[in-house]
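# Structural description and commentary
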Amino acid sequence: MGEVYKVHRAKFFDYMPSGIQCIAYDQESQTLAIGRSDGTIDIWKTGDNWYHQKTIPGSEQRNVNSLVWVKGRLFSAGLQGNVTEYDLVKLSPKVSHFYGHGFWCMSVSHDKTTLALGCEDGCVRLYKVLPDKGVVYERAFDFQSERVISLSWHCSGELIVTGSVDNIRVWNVSTGQVKQRITVHRIHRHVEVTVWCVAILRDFTIVSGDSQGLTQFWDAKTGTGIKSISTHRAAILSLCVSPNEESVCTAGIDPKVVQFRLVQTTADRSAHKSVNESHGGRREWVKVTSTKDHFHDVKALAIVGNGIVSGGTDAILRTTPIHRPNQHKYGPMMAMKRNDLPFPSKPLVHAAVNANLVLCQHQNSLDLWRLGTAGQEIKGLQDGDAVSLESRPSKLIELRSKSGEGIICSALSPSGSWLAFSTVEKIRLYKVTYEPLVLHKVPVIPGNVLPSHHLEFTPDDAKLLSVTNQHSVQLLALDDIHPTLLHTQTGESPITNVAMSDRGAVAVLADENGKYTLFNFKDPTKKIESRLPCYKPVTAMTLNPSGTLLFVVYSDRTFQEFNLHQQSYTSWSSSRASQYYGPQQWLGRKQAITRVQYKGPKDNQILLVENTSITILSKKKPPPLKGQLLFSSKSAVKRTHEGNTKQKQAGHGLVVCEKYKPIMYAGFLGDSETLLVVERPIQAIYEKLPPAFHAKKFGT
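Residues numbered from 1 in each chain as written. Predicted model: local features only at pLDDT ≥ 70, side-chain atom pairs only at ≥ 80, totals over all residues. Heavy atoms only, no water.

Attention now goes to the overall build of the protein. For the protein, the count of helices and strands is five helices and 56 strands. Counting only residues that meet the buried cut, the protein has 55% of its 700 residues in that class. Entry remark: accessible area of the protein is about 31,200 Å², with carbon and sulfur atoms responsible for 49%. (Helix = DSSP H or I, 4+ residues; strand = E, 2+ residues; numbered from the N terminus. Buried < 20%, exposed > 50% of the residue type's maximum accessible area, 1.4 Å probe, protein only. Areas by Shrake-Rupley, 256 points an atom, 1.4 Å probe, with all protein chains shown as cover.)

Here it is in structure tokens:
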């Protein structure tokens with residue numbers, strides 16, 4: 001990376017992400033909700049630049065089987081019989097109604113006033129969406145003998161189509177009775193067919209995907225089949241329809257994502273007419289493409305803009321472009337392709353920089369580790385040489401939350417003497433001593449201390465800063481018997497990022513709108529108005545050790561440096577910052593920068609961390625030249641002439657290391673010459689997944 005660092009390469013954090021169960025997209029707010037099998041819900045913003053905005057923690061008492069958006073409000077339903085609305089500020093359930101029926105599926109009417117839910121007992125039930133919060137039961141349709149596994153609401157609001165075992169039914173919403181029953185043909189006579197997904201289009205065409213791997217098109221008015229296409233080798237678990245209803249996508253166990261398109265047949269096509277100008281010409285559904293980017297079952301699909309978002313058991317969120325007529329394989333649409341690793345945007349790893357301790361956060365537990373120590377000097381070693389260990393990393397403490405509550409955030413003090421975490425209910429604080437090893441729970445937390453979204457200890461281990469779930473910041477004076485709440489400062493919007501100086505004199509807070517607030521630890525009651533310019537949402541930021549400079553990274557991967565005393569850009573930021581992030585290869589990356597840190601007291605070097613790389617920005621070195629390689633790319637290396645590949649790291653001020661991946665945490669320890677990198681190899685995650693669908697290949 002241009003300089004020599006002693007690297008602690010840690011792989012002891014056995015983080016296991018949960019598979020994706022369902023996906024819901026809100027077009028108006030450009031917000032994507034990802035429901036996972038442990039009840040966790042990830043919220044993504046999909047505007048100009050995708051980024052993971054927040055996470056609603058899961059719970060053992062709540063199952064998320066389906067999600068819907070209703071005018072910016074998020075609802076979920078599951079097999080435990082709950083219909084839940086979420087508070088997107090507090091990141092917790094706003095209200096949850098238990099109705100005693102296991103819910104397999106849910107759909108919202110096109111006027112966004114009513115939810116239809118398919119139940120385990122074979123009934124479709126309607127729930128009215130209340131204007132303030134929650135839903136209320138309205139009525140039920142006639143019972144059927146099989147459970148309702150899938151359903152879809154027609155745009156007119158007059159019909160609902162449901163899928164179950166061996167049958168597809170079309171229901172009259174006003175009467176709650178079956179209007180049309182379609183029996184699905186069995187390929188194997190004695191094997192039941194489960195219709196896992198259905199959709200009904202404006203022209204009353206029903207699209208279904210079943211356990212036989214068949215995608216079938218039906219006429220809802222007559223109950224007759226239009227077309228049946230064998231597209232998958234195993235069950236189809238999900239399907240989605242584009243807003244213009246010209247494209248349909250299916251996916252399932254095999255695990256392909258198959259796209260269909262409504263085209264005009266050759267016999268009816270005129271040389272002077274496009275498909276949309278057919279004037280009554282015959283149109284039919286045809287398979288146009290299939291992709292196999294996943295390694296396991298694909299359980300959820302959604303259309304987002306011009307892309308297909310898919311997710312499943314492998315926990316990775318993948319996006320591929322919708323196929324268009326005459327689309328080139330390597331055209332501009334391919335820039336939409338992205339693979340988002342299943343790691344939260346907020347840190348799950350915290351380091352005690354002065355004590356070689358690491359805190360790892362799981363869904364409902366914490367692990368405290370002591371790093372290993374080197375058994376030899378690093379002088380004379382070459383880049384990449386391994387150093388023998390005198391002592392290996394050891395787990396000191398494993399701490400579980402009460403009743404399996406989901407942990408929202410956690411923190412470890414710089415000396416390792418204090419440990420804290422927060423659930424949706426309350427903050428818990430612990431005092432840690434190491435000789436002997438004792439974990440002492442602080443028995444009393446002031447009643448006016450609110451649950452937290454972000455916790456951070458001051459460098460002197462004397463105070464705890466808490467970003468609450470109610471637009472406020474609280475400062476606590478630490479005590480192993482009775483901590484004291486010193487101050488509460490209320491903001492206008494939810495706070496997403498916090499930066500604190502090493503001297504602990506000031507902290508900078510950034511909210512969802514990119515607005516900054518300064519917090520003075522010496523006099524918390526004195527509110528400092530910030531005049532720093534707002535741009536896009538902030539994904540990471542840091543203060544230099546003296547607390548005079550603020551370095552900010554935005555969702556589009558651009559970055560700026562501010563002088564807090566002058567409340568303006570620094571001279572370097574005004575004149576040269578854009579030259580460093582200007583290369584398209586930097587801005588074109590899909591991964592967001594999740595962590596930044598100044599190296600030491602000189603403020604000339606900054607560490608930037610994403611899931612797949614570590615970058616050292618040196619402000620005193622020249623920016624990269626136009627066309628200079630920053631990241632490894634097989635196609636780019638193949639196109640370069642002999643000798644040009646050396647330009648990748650040729651003396652410029654943006655040096656990238658891609659040796660470590662995926663990265664859960666990277667940061668300097670106390671001496672600023674030692675780098676801690678915590679990895680979680682994707683292969684280790686895959687090895688813990690259940691067996692995937694095996695398809696015999698030719699020659700094997």
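Here we take up the packing of aromatic side chains. A complete count under the given rule lists 20 aromatic pairs for this structure. Ring geometry for Phe217 versus Phe260: centroids 6.1 Å apart, planes at 75°, classification edge-to-face. Highlighted residues: Phe217 in strand S20 (residues 214–219) and Phe260 in strand S24 (residues 257–264), separated in sequence by 43 residues. Here Phe217 and Phe260 have matching classes, each one buried. Members of the aromatic cluster, connected to one another through ring pairs, are Tyr99, Phe103, Tyr127 and Tyr137. (Phe/Tyr/Trp six-rings, centres within 6.5 Å; stacked < 30°, edge-to-face > 60°.)

Time to look at the nonpolar core. Phe12, Phe13, Val349, Val358, Met664, Leu676 and Val678 are the most contacted members of the largest nonpolar core, which totals 22 residues. Listing elements by their share of this core, those giving two or more residues are strand S30 (349–352), strand S31 (357–361), strand S55 (663–668), strand S56 (674–679) and helix H5 (682–687). Top element by residues in this core is H5. It accounts for three residues. Each residue touching Phe12, except ones within four places of it in the same chain, is listed here: Val358, Cys360, Trp369, Leu371 and Pro393. (Core = buried A, V, L, I, M, F, W, Y, C linked by side-chain atoms within 4.5 Å. Contact = heavy atoms within 4.5 Å.)

When pLDDT is averaged across the protein, the result is 87; 90% of the residues are at 70 or more. Low confidence marks residues 268–279, where pLDDT is under 50. Its contacts with residues over four positions away, or in another chain, come to 15 contacts. Low pLDDT (under 50) marks residues 634–649, which in the prediction has 15 contacts with non-local residues, meaning those over four places away or in another chain. (pLDDT = per-residue confidence, 0-100.)

The next thing to look at is the sheet that holds strand S21 (residues 224–230). Strand order in the open sheet formed by four strands is S18-S19-S20-S21, with antiparallel pairing between adjacent strands. The open sheet terminates on both sides in strands that have one partner only, identified here as strand S18 (195–200) and S21. Averaged over all pairs of adjacent strands, the angle between strand axes in this sheet comes to 20°, irrespective of strand direction. The pairing of S20 with S21 spans six bridges and is antiparallel. Bridging from a neighbouring strand, Thr215 pairs with Ile229 of S21. (Pairing = 2+ DSSP bridges. Axes fitted to C-alpha atoms, helices over the stretch in contact; angles between N-to-C directions.)

So, on to the pattern of salt bridges. The tally for this structure, following the rule as stated, stands at 25 salt bridges. Of the charged contacts, one joins Lys227 and Glu284 as a salt bridge, the two residues approaching to 2.8 Å between their closest N and O atoms. Here Lys227 is found in strand S21, whereas its partner Glu284 is found in strand S25 (residues 283–291), with 57 residues between them in sequence. Taking the relative accessible area as the measure of exposure, Lys227 reaches 28% and is therefore partly exposed. Overall, the relative accessible area of 22% leaves Glu284 in the partly exposed class. A salt bridge links Glu398 to Lys395, with the nearest nitrogen and oxygen atoms 3.6 Å apart. Note on Glu398: relative accessible area 43%, which makes it partly exposed. (Salt bridge = Lys/Arg side-chain N within 4 Å of Asp/Glu carboxyl O.)

Let us look at the sheet that holds strand S41 (residues 463–468). Spatially, four strands are ordered S40-S41-S42-S43 in an open sheet, and the strand pairing comes out antiparallel. At either margin of the open sheet sits one strand with a lone partner, and together these are strand S40 (452–457) and strand S43 (484–490). Neighbour-to-neighbour, the strand axes of the sheet open up by a mean angle of 20°, direction not taken into account. In this structure, strand S42 (residues 472–477) lies alongside S43, joined through six bridges in antiparallel fashion. Among the inter-strand pairings, Leu476 is bridged to a residue of S43, identified as Leu485.

This part covers empty space enclosed by the protein. Within the structure shown, the criterion is met by two cavities of 30 Å³ or more. A volume near 30 Å³ is recorded for the second largest cavity. Partitioning the lining of the second largest cavity into residue classes produces three nonpolar, five polar and no charged. (1 Å grid on protein atoms, 1.4 Å probe; cavity = no way out; pocket = protein on both sides within 12 Å on 5 of 7 lines; lining within 4 Å. Points joined across faces, edges and corners; volume = space filled by probe spheres on them. Nonpolar A, V, L, I, M, F, W, Y, C, P; charged D, E, K, R; others polar.)

Here we take up the pairing of strand S23 (residues 247–252). The buried fraction of S23 amounts to six of the six residues, a majority that puts the element mostly inside the structure. Burial of S23 is two-sided: the residues Ser247, Cys249 and Ala251 facing one way and the residues Val248, Thr250 and Gly252 facing the other way are all buried. Bridging between strand S22 (residues 236–241) and S23 involves five bridges; their strand directions are antiparallel. Residue pairing in the sheet places Ile236 in a bridge with Gly252 of S23. Relative to S24, S23 is paired through five bridges, and the arrangement is antiparallel. Note that in S24 the partner of Thr250 across the bridge is Val258.

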